[in-house]
Structures are given as structure tokens and as C-alpha cells.
Amino acid sequence: MSVQDKLKGISRRDVFRLAGQYGMSSTLLAAGSFGGAMSLANLASAAESTYEKRFAKEAKHTLKFGAAGFNARNLLIERAGALEFARDLESRTDGEIRVEFIGDNQICGQVSCVEKAQQGIVDIYAASTQNSAGGAPYLNVLDYAYMFRNRADQYHFLYSPASQKLLREPYERRHGLKFLFSHAELRGIQLGLAWEDKETVTSVEQLFGTKNRVTGTQLGRIAMTALNLNPVPVAWEETLDGLKQGLIDGAETWASAVAYANMSPVVSQSVHLNFFCGTEHTAMNASVFDGLGGELQDAVMESSYWAQTHVQAANEAALVKTVGLSDPILPGTIFAENNVRNAFLSDAEIKKAEEMCSPEYQPQLWEEWRERINGWAGGIDTYQEIYDEVRTIPGDTLPENVEPRRWWKA
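Residues numbered from 1 in each chain as written. Predicted model: local features only at pLDDT ≥ 70, side-chain atom pairs only at ≥ 80, totals over all residues. Heavy atoms only, no water.

- By the naming in an unreviewed UniProt entry, the protein is TRAP transporter substrate-binding protein, taken from Sulfitobacter aestuariivivens.
- The UniProt entry for the protein carries this comment under Subcellular location (unreviewed entry): "Periplasm". (UniProt positions renumbered as here; feature names shortened; annotations may be inferred.)

Next comes the structure, spelled out in C-alpha cells:
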């Protein structure tokens, strides 16, 4: 059961009133610990005992965690692992580290969290790597088209020691941030209400000439342009209205983002192009990490590993049982309740899209950015090495069956 379901009988005002008394972190951590639905009285009692436990002794370090749009009422909290990480880290360090969780865009948003972390305004942040790529361009390394075949490839890479030299170390060196863990999905085109009465998309050609919102990723724009998807930057506040009114045809994002960001009422078809990463990651200011003692640094890494394994299992289940990413769509899911159709493309259609836009088939489109990213990584061919690494597992591996590994240990 998601935090959203558990809180159904409790208003936003109630949550904020409790947060005023016990702090938002204690309130959210209490809500996340319930096994089923809760009443306001239950939540108040749990928030109080969580607060007392967290503040039983003085913390050596209090870390401020800015978590973009995550709040007690959306699914992202559960599937992206932010609260689970905070809870585990506090417990693992016996309260020596306390995490102040600030979600709901209160301290930073999808685009600004990365910069606030670099400036030291927050110590930890959670946002998509694509939206964060504006402030930390090395994150574009994840966005080469069709480098990852599926979500299993993504999880395999996140667990792989190869992710140290290809992602984590250059990211820390260049941007002063430590990449901790991430959720993993692949992006497609979420078509608005103008497509409600049109037949379900089955071919790439049906999308040619459509106008689609794009996020902060530079590499995502290359792929969209090559696929004739006309990427246009549209402010998030205007995206839902644009999809509703037909001012834009669609938006590039992933399935569960449609569910958590309340896009589903204005999306008619979720077209699974799966052409590049949708990765909601958590990262930390590297100098803050370096300022912790060795034991506490170990605890941060172990809690990151624990959160990564949690996300791998929880998000795969939520995609089918909560979001509605299946055929047929399960009743009671967000897609079912909002009449969002899944448009799964055949292997042949995916191959067609790959041949139109990927570095494997259209290397000239990527040369400038590939050279730039490779330079930042110290001369490594980032695309080729990630491409090769993820293909060390069979292409039909299920995401939930990827073996978890501590990536910082060879």
C-alpha cells in the first residue's frame, strides 16, 4: 500500500498541522512506516513516538534533504527510496546522523535541487537526473538513446563497479556531488487529451511531427529531434494545461511520473518508446560526505545500497499494481482509473526508432556531446563502455532479478 493510500482519510492541512508539531520528517517517516490505512489519531501518535525516538539523543550531524516534488501524498516517496534512505540512515547510525526531509518543492524543485546541493543550501537532494543535467551537465552521460535496452540494464549499471569510473567519480570530480542511488525507468511520449479518440499508437511514424515537452537533458533533445518529435521546453506549470488543451501533443517522461505528478487525468496514451533514461536519483554534497567520520561514511553507503535494493523491488511492483504498466491494465490502478492506455511498441518498431536516433546507427548526431562528456570523464568512451557493460547480462533479464552489488567494492 502506498503512502498515498494510507493517507486517504487525512487532509493536507492535517499533515501540515502535525508537521508543525513534530516536524515534517517525523510525520512523513511515521506515515511511511504504517502497513495499512491510518487515521489522524494513529498518525499523530506515530509522529509523536517517531519524533521522540529521533530526538532521544543529540545528533552529531543534521543533514538537510531537499526532495523536489516528493510529499506524503504521492507515490514518488515510496518508489524513489528517499524516505527509506533517511529512515535507514538514522537507524543505522543510532541517531548520530539526523535527516531533515524537506519535500513538496519547499526548499528546491526538480531543476534547482542540484544547484542548492552544490551551494550547500541542502546536503542531500532527490530529483531526476534529466532535470538536474542543467546544473550538472555530466548527468547527460545516462541519456544516450537506446544505450539501455530495458530497466534491468539500468539497475545492472547502477550496481556495477563500472558505474564508479563511468558515472559516479566524474560526477563527483566535476560537480562536487556524490551519486548515491536511483530509481530506473525509460522514457516515452505521454500523449494528451487530443489523442483520446485516436487509435492506440503502434508505430513510430504516428508520432512524427508531434510537438512534445522536453526536460533539461541535452542528449534527450538530440534523440527527440532525430525522431521528428519536435522537443519544446515548456514550464512544468504549463505542461498539464498544454496536454489538456492540445497546445502540445505530448510530454517525454516515464510511466510512474505520469502517476505521481497528477498527469494521468490529462494523458490519454502512454507510448513506451523506452528511448532514454528516466532516473529519479538521490545525491549528496561530496564535501559534506567527506566531513563525516569513516564509520558514518560507511553507513551512508550501506543505507544507499539498502535504498537501491528497496527501490528495485518496490518500483517494479508499483509499476504493475499501482501505476498500471501492464497489458491488460489491472483494475484500480491510476492508469485504469484515468483511462490512460498503454501503447506498447513491437520490437521491430523499437528497432526502427533506435536506427533513427541512437549513437550506434547515427554517430554523427552525437559527436559533439559525446566528445564533451568523454573529456569530462578523462578520455573514456562513455557511451561504448556503458553500452558494453549493460550487455554483459541477457537482454531478457527481468529488472527484479538483477543481482544487487555494492558498487564501491570491486
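From this point, the discussion proceeds with the structure in view.
## Looking at the sheet that holds strand S10 (residues 269-272)
- Read across the sheet, six strands follow the order S8-S7-S9-S6-S10-S13 without closing on themselves; strand pairing throughout is mixed. Among the strands making up the open sheet, the edge pair consists of strand S8 (231-233) and strand S13 (341-344). The mean angle between the axes of side-by-side strands here comes to 30 degrees, regardless of whether they run parallel or antiparallel.
- Two elements, strand S6 (residues 188-191) and strand S9 (residues 250-253), share four bridges in a ladder whose sense is antiparallel. Considered in S9, the bridge of Leu 191 is made with Gly 250.
- Sheet strands touched by helix H12 (residues 236-245): S6, strand S7 (212-214) and S9. Its angle to S9, the strand with the most contacts, is close to 130 degrees. (Pairing = 2+ DSSP bridges. Helix = DSSP H or I, 4+ residues; strand = E, 2+ residues; numbered from the N terminus. Axes fitted to C-alpha atoms, helices over the stretch in contact; angles between N-to-C directions. Contact = heavy atoms within 4.5 Å.)

## A word on the packing of aromatic side chains
- Going through the model one piece at a time under the given rule, you end up with 13 aromatic pairs.
- Both rings, one in Phe 85 and one in Phe 181, keep their centres 5.4 Å apart while their planes meet at 45 degrees; by these two values the pair is tilted. One end of the pair, Phe 85, is in helix H6 (residues 82-92); the other, Phe 181, is in strand S4 (residues 177-182), with 96 residues separating them in the sequence. Accessibility classification places Phe 85 together with Phe 181 in one group, the buried group.
- Where Trp 369 meets Trp 376, the ring centres are 6.2 Å apart and the plane angle is 80 degrees; that geometry is what we call edge-to-face. There is no split in this pair, since Trp 369 and Trp 376 are both buried. (Phe/Tyr/Trp six-rings, centres within 6.5 Å; stacked < 30°, edge-to-face > 60°. Buried < 20%, exposed > 50% of the residue type's maximum accessible area, 1.4 Å probe, protein only.)

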